Amino acid sequence: MNNSPLPRQFALDISHAPTPSLNNFLVGDNLALHSTLQDLVKSWEINLPRLPSENPLNQRWMYLWGPEGSGRTHLLSAIGSAAHGFGLEYISLTPHEPISWVRLEERLPSLSSSNQPSVITVDDVDRLDERLVASLFRVLNEIQGSKAIHIFMAGNGAPGTLKLREDLRTRLGWGLIFQTHLLGDDEKIQAIQQAAEARGLVLSPDVLPWLLNRFYRDMPNLMALIDALDAYSLETKRAVTLPLVRELLQPK
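Here goes a summary of the coordinates provided. (Residues numbered from 1 in each chain as written. Predicted model: local features only at pLDDT ≥ 70, side-chain atom pairs only at ≥ 80, totals over all residues. Heavy atoms only, no water.)

Of regular secondary structure, the protein chain possesses 9 helices and 5 strands. In sequence order, the secondary structure elements of the protein chain are arranged as α-β-α-β-α-β-α-β-α-β-α-α-α-α. Counting across all 252 residues of the protein chain, residues that qualify as buried make up 44%. Taking the contacts inside the protein chain whose residues are at least 6 apart along the sequence as the reference set, 78% of them involve residues at least 24 apart. Put simply, the protein chain shows about 13,300 Å² of open surface, and 52% of that area lies on carbon and sulfur atoms. (Helix = DSSP H or I, 4+ residues; strand = E, 2+ residues; numbered from the N terminus. Buried < 20%, exposed > 50% of the residue type's maximum accessible area, 1.4 Å probe, protein only. Contact = heavy atoms within 4.5 Å. Areas by Shrake-Rupley, 256 points an atom, 1.4 Å probe, with all protein chains shown as cover.)

Another aspect to go through is helix α2 (residues 72–85). Spanning 14 residues, α2 covers 20 Å between terminal C-alpha atoms, matching the ideal 20 Å at 1.5 Å per step. When we look at burial in α2, the residues that qualify are R72, L75, L76, A78, I79, G80, A82 and A83. Considering only its buried residues, α2 is in contact with α1 (31–45), β1 (61–65), β2 (89–93), β3 (118–122) and β4 (149–155). Just past α2, the residue G87 takes up positive phi, approximately 75 degrees. (Expected span 1.5 Å × (residues − 1).)

The subject of this paragraph is the pattern of salt bridges. Per the counting criterion, the structure on display carries 10 salt bridges. For the salt bridge of R72 with E68, the shortest nitrogen-to-oxygen distance reads 3.4 Å. Note on R72: relative accessible area 4%, which makes it buried. R127 is the salt-bridge partner of D124, the closest N and O atoms lying 3.9 Å from each other. Among the residues examined, R127 registers a relative accessible area of 47% and is labelled partly exposed. (Salt bridge = Lys/Arg side-chain N within 4 Å of Asp/Glu carboxyl O.)

Here we take up the packing of helix α7 (residues 207–214) against helix α9 (residues 242–249). For the pair α7 and α9, interaxial distance at closest approach is 10 Å and the crossing angle is 35 degrees. Of the two possible hands of crossing, α7 and α9 adopt the one that is right-handed. Across the interface between the two elements, V207, W210 and L211 of α7 pack against L242, V245, R246 and L249 of α9. When grouped by side-chain class, the residues that make up the contact of α7 with α9 number 6 nonpolar, no polar and 1 charged. (Axes fitted to C-alpha atoms, helices over the stretch in contact; angles between N-to-C directions. Left-handed = near helix turned anticlockwise from the far one by under 90°. Nonpolar A, V, L, I, M, F, W, Y, C, P; charged D, E, K, R; others polar.)

Bringing the side chain of S135 into the picture now. Note on placement: S135 falls in helix α4 (residues 130–144). Since its relative accessible area comes to 3%, S135 is described here as buried. Here E105 takes part through its side chain, which lies 2.7 Å from a polar atom of the side chain of S135. Look past the residues within four positions of S135 in its chain and what remains in contact with it is W101 and E105. (Polar contact = N/O pair within 3.5 Å; in protein donor to acceptor, adjacent residues only side chain to side chain.)

You will see that D124, though not glycine, has its phi angle at about 55 degrees, which is positive. If you trace the backbone, D124 turns up in the loop between β3 and α4. A positive phi angle is found at K237, which is not glycine, with a value near 55 degrees. By secondary structure assignment, the location of K237 is in the loop between α8 (219–236) and α9. The exposure class of K237 is exposed, given its relative accessible area of 75%.

Let us look at the sheet that holds β3. Strand order in the open sheet made by the 5 strands is β2-β3-β4-β1-β5, with parallel pairing throughout. Either end of the sheet is taken by a strand with one partner, and the two such strands are β2 and β5 (176–179). Pairwise comparison of adjacent strand axes, ignoring direction, gives a mean angle of 15 degrees for this sheet. As paired strands, β1 and β4 are joined by 5 bridges and run parallel to one another. (Pairing = 2+ DSSP bridges.)

So, about the side chain of N30. By the secondary structure assignment, N30 is in the segment before α1. Among the polar contacts made by the side chain of N30, one reaches the main-chain amide nitrogen of H181 at a distance of 2.8 Å. With residues near it in sequence (within four places) discarded, N30 still touches F25, S70, Q179, T180 and H181.

Two elements in contact, α1 and α2, have axes separated by 10 Å at closest approach and are oriented at 15 degrees. Relative to α2, the element α1 is oriented roughly parallel. Both α1 and α2 take part in a crossing whose hand is right-handed. Residues L33, L37, V41 and W44 of α1 form the contact with α2, whose participating residues are L75, I79, A82 and A83. Each residue belonging to the contact of α1 with α2 can be placed in one class, and the counts come to 8 nonpolar, no polar and no charged. (Parallel < 35°, antiparallel > 145°, perpendicular 65-115°, else oblique.)

In structure tokens:
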């Protein structure tokens with residue numbers, strides 16, 4: 001497999017990548033998860049009161065786990081975008097911005113007492129250092145007693161498999177847990193074909209099977225290549241055939 005990056009002159013400009021949303025998420029085997037998130041977002045839209053359930057945190061507390069490329073980060077960003085679109089308070093946390101955790105802990109008491117929904121996302125839970133693990137533990141304890149804080153977390157493994165404190169692993173499982181699944185090859189081909197058609201780009205039938213065998217198999221890189229092929233096809237005024245793809249990927 002060729003894992004070299006795209007030629008420099010055709011590297012993906014991520015500023016033009018579409019904003020992650022639930023509508024542009026490639027569902028595949030993640031239908032139950034996707035439907036649950038759609039229902040939750042709909043409840044924000046119509047200001048639906050929290051539904052009674054066996055575990056009330058099921059309405060406000062979710063942990064996603066799965067391999068890289070299975071859509072975890074996309075879904076967290078999509079939830080954040082939806083919250084922002086409805087005017088809800090939204091805080092995004094990652095292992096790389098510790099100052100955001102400090103600011104959140106300072107604001108938690110007021111968020112906890114509010115009846116207005118607020119949304120927190122935490123990506124790459126498995127990569128948190130000891131200090132941020134302690135912060136997440138405190139955050140979750142506060143959210144448990146809050147009125148309307150929603151938290152969505154994601155990591156690379158099920159809670160019980162993570163190399164974290166036992167008390168934090170237990171808390172990760174207090175709400176809903178979903179595994180995110182990678183797309184199959186047929187689903188990838190369908191998604192890439194749809195992306196190409198949306199650009200008015202016609203791919204010869206042998207292009208996509210060849211790419212899945214020879215190029216990166218993750219969707220972000222495959223979508224980046226579609227953008228590059230679109231630009232190269234326009235520049236050279238040639239159809240997107242296998243020879244053109246090989247020419248584009250030839251190191252300069």
